[in-house]
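The residues making up each chain are set out below.
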Amino acid sequence: VVDSPILPAVIELLKCKTIQMISAAAMVVAKLLTATDNVERIVELGAVAGMVDMIYSDIIEARTCGIKILYIILSDRPHLRKHALNRKLMDEMFRIVKSPIHADLALNVIEIGCQEPEYWIT
């Protein structure tokens, strides 16, 4: 599945404007990231970047989905933290944690980020 031509297409679906397509694609990518041994290939294809990009979506449900899945990935696959954690992401999490929507989810990501400051503190 990892080297299938389908995977880049699924990753591209993360950029859709409908929550149904985003959610379906996100679940496939998240499952691959947490269940596949060949994670580096999935990262090369842009899976983690695509998941992180969901956090900046105009669609609230996409942001929710992105933060939840990001947390799962960061929790289950600590070696992927270097690909996901960066200053821009953490700044966004600190911004989100101040709002009533997604604050609890952002706090979870911040907690993991604080365990790996070398990836985002410059």
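Anything mentioned here points back to the structure above.
Residue numbers run consecutively from 1 along every chain, following the written order of its sequence. For a predicted model such as this one, the threshold for reporting local features is a pLDDT of at least 70, and the threshold for listing and counting side-chain atom pairs is 80 or more; totals across whole chains, interfaces and linings nevertheless cover every residue. The side-chain values count all of the structure's non-hydrogen atoms but skip hydrogen atoms and water molecules.

K.L.:
Sorry, what's going on with the packing of helix α2 (residues 19-35) against helix α4 (residues 47-54) here?
P.N.:
Packed helices, taken two at a time, are described by the angle between their axes plus the distance between the axes. Between α2 and α4, whose axes approach to 10 Å, the crossing angle comes to 140°. By the angle between their directions, the pair α2 and α4 is classed as oblique. Crossing angle aside, the handedness with which α2 passes α4 is left-handed. Residues Ile-22, Ala-26, Val-29, Ala-30 and Leu-33 of α2 form the contact with α4, whose own contacting residues are Ala-47, Val-48, Met-51 and Met-54. Classes in brief: Ala, Val, Leu, Ile, Met, Phe, Trp, Tyr, Cys and Pro nonpolar; Asp, Glu, Lys and Arg charged; the others, Gly included, polar. Broken down by class, the residue content of the contact of α2 with α4 amounts to 9 nonpolar, no polar and no charged. Fitting a line to C-alpha atoms yields each axis, with helices limited to the stretch in contact; the angle taken between N-to-C directions then spans 0 to 180 degrees. A run of H or I in DSSP counts as a helix once it spans at least four residues, and a run of E counts as a strand once it spans at least two, with each numbered from the N terminus. We call two directions roughly parallel when the angle between them is under 35 degrees, roughly antiparallel when it is over 145, roughly perpendicular when it lies between 65 and 115, and oblique otherwise. Each crossing gets its handedness from the near helix: less than a right angle anticlockwise from the far helix is left-handed, clockwise is right-handed. Contacts between residues were defined by any pair of non-hydrogen atoms, one from each residue, lying within 4.5 Å.

K.L.:
Would you explain the pattern of salt bridges in this entry?
P.N.:
Should the charged atoms of two oppositely charged side chains come close, the side chains can pair. What counts as a salt bridge is simple: a side-chain nitrogen of Lys or Arg found within 4 Å of a carboxyl oxygen of Asp or Glu. Counted by the stated rule, this structure contains 3 salt bridges. Among the ionic pairs, Arg-81 bridges to Glu-116, the shortest N-O distance being 3.0 Å. One end of the pair, Arg-81, is in helix α6 (residues 81-84); the other, Glu-116, is in the segment after α8 (103-115), and 35 residues separate them in sequence. Here Glu-92 and Arg-95 are joined by a salt bridge, their closest N and O atoms 2.6 Å apart. With a gap of 3 residues between them, Glu-92 and Arg-95 both fall in helix α7 (residues 87-96), about one helical turn apart. Each residue is placed in one exposure class: buried if its accessible area under a 1.4 Å probe, protein chains only, is under 20% of its type's maximum, exposed if it is over 50%, and partly exposed if it falls in between. On the accessibility criterion, Glu-92 (13% relative accessible area) is buried. Its relative accessible area of 47% is what places Arg-95 among the partly exposed residues.

K.L.:
What exactly am I supposed to notice about the packing of aromatic side chains here?
P.N.:
Aromatic ring pairs are described here by two measures, namely the spacing of the ring centres and the angle between the planes. Here the aromatic set is Phe, Tyr and Trp, taking the six-membered ring for Trp, and pairing holds for ring centres within 6.5 Å; pairs whose planes are under 30 degrees apart are stacked, those over 60 apart are edge-to-face, and all others are tilted. Across all of its chains, the model carries 1 aromatic pair by this definition. The interplanar angle of 50° and the centroid separation of 6.0 Å between the aromatic rings of Phe-94 and Trp-120 together place this pair among those described as tilted. Highlighted residues: Phe-94 in helix α7 and Trp-120 in the segment after α8, separated in sequence by 26 residues. Judged by relative accessible area, which is 30%, Phe-94 ranks as partly exposed. Trp-120 sits in the buried class, given a relative accessible area of 7%. One residue, Lys-88, lies across the ring of Tyr-56, its end atom 4.5 Å from the ring centre. Criterion for a charge above a ring: Arg CZ or Lys NZ at most 6 Å from the ring centre, at most 35 degrees from the ring normal.

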